[in-house]
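Residue strings, one per chain:
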Number of protein chains: 2
Amino acid sequence: MVALTAPTSPAAPEEPSQAPTATNYYERSLTVALLRARESTMRRFKKYVDERDLSLPQWRVLRALADGEPLDAGTLCERCVILPPSLTRILRALGERGLTRQVECADARRHMVTLSEKGQTMFDELVGASEHSRREIYDAFGPEKMALLLDLLNELREITETLPDHD
Amino acid sequence: MVALTAPTSPAAPEEPSQAPTATNYYERSLTVALLRARESTMRRFKKYVDERDLSLPQWRVLRALADGEPLDAGTLCERCVILPPSLTRILRALGERGLTRQVECADARRHMVTLSEKGQTMFDELVGASEHSRREIYDAFGPEKMALLLDLLNELREITETLPDHD
DNA sequence: TATTGTTATACTCTATAACTATA
DNA sequence: TATAGTTATAGAGTATAACAATA
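Residues numbered from 1 in each chain as written. Chains lettered and ligands numbered in written order. Predicted model: local features only at pLDDT ≥ 70, side-chain atom pairs only at ≥ 80, totals over all residues. Heavy atoms only, no water.

1. Details of the overall build of chain A
1) Next: When you go through chain A residue by residue, the secondary structure sums to eight helices and three strands.
2) Next: Helices and strands appear in chain A in the N-to-C order α-α-α-β-α-α-β-β-α-α-α.
3) Next: Relative to its full complement of 167 residues, chain A shows a buried share of 49%.
4) Next: In chain A, of all internal contacts separated by at least 6 residues, the share reaching a separation of at least 24 is 51%. (Helix = DSSP H or I, 4+ residues; strand = E, 2+ residues; numbered from the N terminus. Buried < 20%, exposed > 50% of the residue type's maximum accessible area, 1.4 Å probe, protein only. Contact = heavy atoms within 4.5 Å.)

So, in structure tokens, the structure goes:
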């Protein structure tokens, strides 16, 4: 995390505006800003997930599968930011609840899963139940800014993933 | 998390562009985008924290204190997105390592802490060591976009925090 | 032999409630 | 009586390594 702000020494001249001062240095940390923005928005949705006895990682898995096509464990790990051992447990729990079901795959090593009808229903219900909260944030922040923010976030991720591996 | 995309039904007409399709729906979830952007950037910094045997929450605490002024536990909890019981453990661990020290406070209930000289040194060293990685992301993404993203993230958080409490 | 997941294990954080000390 | 933290405790995720099955 962390060092995504200017160094402690005065900001280099070519780094425009927003130069951190003693009192807002912390606010200019990218990873902290990402964490706090996520916390403040997610807090308003967590109750809908809690009501259905889902953990947030479990919900991300349902959400990723709700796009339609079956996915394998590796893809789910990457998209949902979940480590393989955690995903194994999560897929077992979701499967036992009948929310997901396994799909055969030509490559028998792959664990392919898809949403069951029950899982799709739970997904739709949760999205519907939380729509008011989503809308509230969306309207307060502004649709254009929201679209811009999403684009910037996805672009940042894509760019960062293509950078050469850390030493 | 979660429902920060359009509902499953077709996007309302007043929600411009970026309407989620079957294949990118997941990508348009704000909380997921925040998580993934954080993961991809933090991954490049985690080694610097690991090398110093700090957890990410511990590092956030040092970072928050590096702004200079002593902070109480409640403020640290909020700024670092850490629950009180976790912070208690973290402050104990940092204190035992001599990275932070307690500061007296008029209100004896408050647990006020500040960075020790050793803590400040570790902070400076970590920021210096990771500067190359920070710069790499900063340059690849672009200084203007980075500043814009930070502003949007902080604004989103502030707006969300001022919304009426969830039902 | 390389790849995909699972199992094992230790540690940390999350989350809630109950408790202590101070105001 | 309200507030600020700590302690207690259960549960889930993080992370690494070792293992199994398949390609």
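Back to the text.
2. Section: the relation of the copies chain B and chain A
1) Next: Least-squares fitting of chain B to chain A yields an RMSD of 0.0 Å, with the transformation described by 0.0 Å of translation along the axis and a rotation of 180 degrees. Accordingly, the operation relating the two chain copies is best matched by a two-fold axis. It is L34(B) whose C-alpha, among those of chain B, lies nearest the rotation axis, at 2.9 Å.
2) Next: Both copies share a contact surface, since 100% of the interface residues of chain B are interface residues in chain A too. (Least-squares fit on C-alpha atoms with pLDDT ≥ 70 in both.)

3. So, the pattern of salt bridges
1) Next: Taken as a whole and assessed by the stated rule, the structure comprises 26 salt bridges over all chains.
2) Next: Taking the shortest distance from any N to any O, the salt bridge between E27(A) and R157(B) comes out at 2.9 Å. Residue E27(A) is found in the segment before α1 (30-42), and its partner R157(B) is found in helix α8 (residues 143-162); the two belong to separate chains.
3) Next: Of the residues examined, R157(B) reaches a relative accessible area of 4% and is grouped as buried.
4) Next: Ionic pairing is found between D107(B) and R110(B), a salt bridge with its closest N-O pair at 3.5 Å.
5) Next: A relative accessible area of 42% means that R110(B) is categorised as partly exposed.
6) Next: The network of salt bridges with common partners includes E27(A), R36(A), R157(B) and E161(B). (Salt bridge = Lys/Arg side-chain N within 4 Å of Asp/Glu carboxyl O.)

4. What about the interface of chain B and chain A?
1) Next: Between chain B and chain A, the residue contacts involve 85 residues of the former and 85 residues of the latter.
2) Next: A combined buried area of about 8600 Å² lies between chain B and chain A, and 63% of that area is made up of carbon and sulfur atoms.
3) Next: The interface formed by chain B and chain A includes six salt bridges.
4) Next: Connecting chain B to chain A are 20 residue pairs in polar contact (both at pLDDT 80 or more).
5) Next: For the side of chain B that touches chain A, the leading source of residues is α8(B), giving 17 residues.
6) Next: The residue makeup of the side of chain B that touches chain A, split by class, is 44 nonpolar, 13 polar and 28 charged. (Buried area = accessible area lost by both parts, 1.4 Å probe. Polar contact = N/O pair within 3.5 Å; in protein donor to acceptor, adjacent residues only side chain to side chain. Nonpolar A, V, L, I, M, F, W, Y, C, P; charged D, E, K, R; others polar.)

5. A closer look at the protein's contact with DNA strand D
1) Next: Residues in contact with DNA strand D amount to 21 residues; listed here are only the nearest, S86(A), R89(A), A108(A), T88(B) and H111(B).
2) Next: Near the protein, meaning within 4 Å, the atoms of DNA strand D are sugar or phosphate in a fraction of 69%, with bases accounting for the rest.
3) Next: Contact between DNA strand D and A108(A): a phosphate oxygen at 2.9 Å from a main-chain N or O atom of the residue.
4) Next: Looking at the surface near DNA strand D, the elements that each hand over two or more residues are α5 (84-96) of chain A together with α4 (73-80) and α5 (84-96) of chain B.
5) Next: A per-element tally of the surface near DNA strand D places α5(B) first, with four residues. (Near = heavy atom within 4 Å.)

6. Topic: the sheet that holds strand β1 (residues 71-72) of chain B
All names here are of chain B.
1) Next: Read across the sheet, three strands follow the order β1-β3-β2 without closing on themselves; strand pairing throughout is antiparallel. If you trace the sheet from one side to the other, it starts and ends with β1 and β2 (100-103), each paired once.
2) Next: Bridge count between β2 and strand β3 (residues 112-115): four bridges; the pairing is antiparallel. Residue pairing for β3: R101 is matched across the bridge by T114. (Pairing = 2+ DSSP bridges.)

7. Quick word on the sheet that holds strand β3 (residues 112-115) of chain A
All names here are of chain A.
1) Next: If you trace the three strands from one edge of the open sheet to the other, you get β1-β3-β2, paired in antiparallel fashion. Both edges of this open sheet fall to β1 (71-72) and β2 (100-103), since each of them pairs with a single strand only.
2) Next: Packing of helix α3 (residues 56-65) onto the sheet brings it into contact with β1, β2 and β3, and relative to β3 it is tilted by some 85 degrees. (Axes fitted to C-alpha atoms, helices over the stretch in contact; angles between N-to-C directions.)

8. Let's talk about the side chain of R28(B)
1) Next: Note that R28(B) resides in the segment before α1 (30-42).
2) Next: With a relative accessible area of 7%, R28(B) lands in the buried category.
3) Next: Within the structure, R28(B) has its side chain in polar contact with the side chain of D151(A) (distance 3.1 Å).

9. Things to note about the nonpolar core
The tendency in soluble globular proteins is for nonpolar side chains to be buried as a group.
1) Next: Residues V61(A), L76(A), L153(A), V61(B), L76(B) and L153(B) are the most contacted members of the largest nonpolar core, which totals 92 residues.
2) Next: Two domains each donate at least three residues to this core, and these are domain 1 (40-129) and domain 2 (131-162) of chain B.
3) Next: Those residues in contact with V61(B) that sit more than four places away from it in its chain are L76(B), C80(B), I82(B), L87(B), I90(B), L91(B) and L94(B). (Core = buried A, V, L, I, M, F, W, Y, C linked by side-chain atoms within 4.5 Å. Domains from an automatic or database assignment.)

10. So, the packing of aromatic side chains
1) Next: Taken as a whole, this structure holds four aromatic pairs over all chains when the rule is applied.
2) Next: When the centroid spacing of 6.5 Å and the interplanar angle of 50 degrees are considered together, the rings of F45(A) and Y48(A) count as tilted.
3) Next: Under the relative-accessibility criterion, F45(A) is labelled buried at 0%.
4) Next: Centroid distance W59(A) to F123(A): 5.5 Å. Interplanar angle 20 degrees. Geometry classified as stacked. On the criterion of sequence distance, the pair formed by W59(A) in helix α3 and F123(A) in helix α6 (residues 117-129) is long-range, its members being 64 residues apart. We note that W59(A), like F123(A), is buried.
5) Next: Between the NZ or CZ atom of R134(B) and the centre of the ring of Y138(B), over which it lies, the distance is 4.9 Å. (Phe/Tyr/Trp six-rings, centres within 6.5 Å; stacked < 30°, edge-to-face > 60°. Lys NZ or Arg CZ within 6 Å of the ring centre and 35° of its normal.)

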